[in-house]
Amino acid sequence: MNDDGSIALKTGYRQKLWPDVSARDWADYRWQLANRLHGAADLSRLLGLGGSEFQPFERCISKYRWAVTPYYLSLIEEENLLSDPIGRQFIPDPREITVKSQLSSADPLHEHNYSPVKGLIHRYRDRALILAWPSCSCYCRHCNRKRTWKQPESVPAKKEAWRAIFHYIKEHTEIREILLSGGDPLLMPLDRLESILKKLKDIKNVKVLRIGTRLPVVLPMAITHKLCRMLSRYRPLWLNTHFNHPREITHQARQACERLQEAGIPVSNQSVLLKGINDDISIMKDLCCRLQEIMVRPYYLFHCDFVQGTDHFRTKIQKGIDIIDKMWGHTGGMCIPNYVVDLPAGLGKARVMPPHMAKLSESMALFKTFEGKTVKLLFR
Ligand SMILES: *Cc1c(COP(=O)(O)O)cnc(C)c1O
Ligand code: SF4
């Protein structure tokens, strides 16, 4: 127990690793970025492992880099970093190298094939995705673009590459929505991000902008008033973030979402169904309800993509169906995301929602109610 009667965390990483940091520094995203843990020495110290015990981890990070912000690390509550649902999202796991499924590949969505110009993926007719920034503040072990972590050259760094992207979008007038992704596009210097948004908004056929970022979850202090004010000038702009576990919805995360909302930017969420992290009805329901409470709309629940290095996270598809099935009717529709499988070979996203209509013909429909009753509707 602490002096004030609150229960002390079993391991308080903030106290343990940064005992002297001021509240002001802690709340400053620049301090957070400058003090990220990364590299072999930091990981070995954090895990308390060395020598041959550390070797499998070292092999893992030589293929897939790792980094975490002090803030996100401080959300860990359990003694065992490797079993904590937040720890497991950023602590490298030797299984990323050793567990290999036949189905998995480095780029199952064939994003490479759908990239007409460097840094742009045009898979769906009316929307295109830009890999706007190569790096992230934390590297999520389940990331579906982990193949790109060591090749920042896949994003358009130079002016000419950006020019080619703008040109392509102008030429393809069927594109009405642009998604900025990465990496984390909100790590881009503010003036650079603004000049990109401005150029995109000036293209006649571009009606809507969307940003995919995990900063509200892993570095909420980076969602500053200044950033929000800038973004608000480029509406309609939607922001999708990536909460996976209810414990990620902290006071700071809530405030970050609120700053965005106050600037007129709706925030939605894309979760990934992850074995041992959120593949449980009570955890998923808690996550989705708490997202609704902070006015963040659960948009997608992704089946973990068939990406090499993420096989140990993948559940059965039935698991996701069961979770949605148990939520439907028992909690509000505003809390229920679409469960989606992004099909290998770049075949696109497919919705796998549990069906409530078992049969439909000219004369009748057979339904299963959310409470499990079977109902027949006769049309004549
Ligand atoms: C998922 C995705 C989109 C966006 O799809 P929505 O269903 O509109 O969210 C766009 N482009 C690519 C390449 C994607 O993978
Ligand atoms: S923030 Fe997104 S792009 Fe970056 S590592 Fe995590 S899942 Fe991948």
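Residues numbered from 1 in each chain as written. Chains lettered and ligands numbered in written order. Predicted model: local features only at pLDDT ≥ 70, side-chain atom pairs only at ≥ 80, totals over all residues. Heavy atoms only, no water.

**Student:** Any chance you could break down the overall build of the protein chain for me, citing the residues and the numbers?
**Tutor:** Assigned secondary structure in the protein chain consists of 15 helices and 14 strands. Radius of gyration (C-alpha) of the protein chain: 22 Å, near the 21 Å computed for a compact globule of 380 residues. Over its C-alpha atoms, taken along the principal directions, the protein chain stretches across nearly 75 × 55 × 45 Å. When each of the 380 residues of the protein chain is scored for burial, the buried share is 49%. Taking contacts inside the protein chain between residues at least 6 apart in sequence as the whole, the part at least 24 apart equals 74%. Counting every atom, the protein chain has about 18700 Å² of accessible surface; 52% of that belongs to carbon and sulfur. Distance between charge centroids for the protein chain: 6 Å, based on 57 positive and 40 negative side chains. (Helix = DSSP H or I, 4+ residues; strand = E, 2+ residues; numbered from the N terminus. Rg over C-alpha atoms; globule rule 2.2 N^0.38 Å. Buried < 20%, exposed > 50% of the residue type's maximum accessible area, 1.4 Å probe, protein only. Contact = heavy atoms within 4.5 Å. Areas by Shrake-Rupley, 256 points an atom, 1.4 Å probe, with all protein chains shown as cover. Lys, Arg positive; Asp, Glu negative; His and termini not counted. Charge placed at Lys NZ, Arg CZ, Asp CG, Glu CD.)

**Student:** Tell me about the site of ligand 2, and please be specific about residues and values.
**Tutor:** Close to ligand 2 lie Cys136, Cys138, Tyr139, Cys140, Cys143, Trp149, Gly183, Arg214 and His242. When the residues that make up the shell around ligand 2 are grouped by side-chain class, the tally is 6 nonpolar, 2 polar and 1 charged. (Near = heavy atom within 4 Å. Nonpolar A, V, L, I, M, F, W, Y, C, P; charged D, E, K, R; others polar.)

**Student:** How would you explain the pattern of salt bridges if you had to name every residue and give the values?
**Tutor:** With the rule as written, the count across this model stands at 20 salt bridges. Here Arg45 and Asp42 are joined by a salt bridge, their closest N and O atoms 3.6 Å apart. Highlighted residues: Arg45 and Asp42, both in helix H4 (residues 39–47), separated by 3 residues, approximately one helical turn. For Asp286, the salt bridge identified is with Arg290, shortest N-O distance 3.7 Å. Of this pair, Asp286 and Arg290 both sit in helix H14 (residues 281–293), separated by 4 residues, roughly a single helical turn. For Arg290, a relative accessible area of 29% puts it in the partly exposed group. Sharing partners across several salt bridges, the network here consists of Asp107, Glu111, Arg145 and Arg147. (Salt bridge = Lys/Arg side-chain N within 4 Å of Asp/Glu carboxyl O.)

**Student:** How would you summarise the site of ligand 1 if you had to cite specific residues and measurements?
**Tutor:** As a matter of local geometry, ligand 1 sits amid Ile121, Arg123, Tyr124, Arg127, Leu129, Leu179, Arg210, Tyr299, Tyr300 and Lys349. Separating an oxygen atom of ligand 1 from a side-chain N or O atom of Tyr300 is a distance of 2.6 Å. Its free accessible area being 390 Å², ligand 1 has 88% of it covered by the protein chains. At the level of secondary structure, the elements contributing two or more residues to the shell around ligand 1 comprise strand E3 (120–124), strand E4 (127–133) and strand E9 (297–303). Per-element tally for the shell around ligand 1: the top contributor is E3, with 3 residues. Its residues assigned to classes, the shell around ligand 1 shows 6 nonpolar, no polar and 4 charged. (Polar contact = N/O pair within 3.5 Å; in protein donor to acceptor, adjacent residues only side chain to side chain.)

**Student:** Which residues make up the confidence of the model for the protein chain, and what values go with them?
**Tutor:** Low pLDDT means the predicted coordinates in that region are not meant to be read closely. Mean pLDDT over the protein chain stands at 94; residues scoring 70 or higher make up 97%. A low-confidence stretch, residues 1–10 (pLDDT under 50), is modelled with 8 contacts involving residues beyond four sequence positions or located in other chains. (pLDDT = per-residue confidence, 0-100.)

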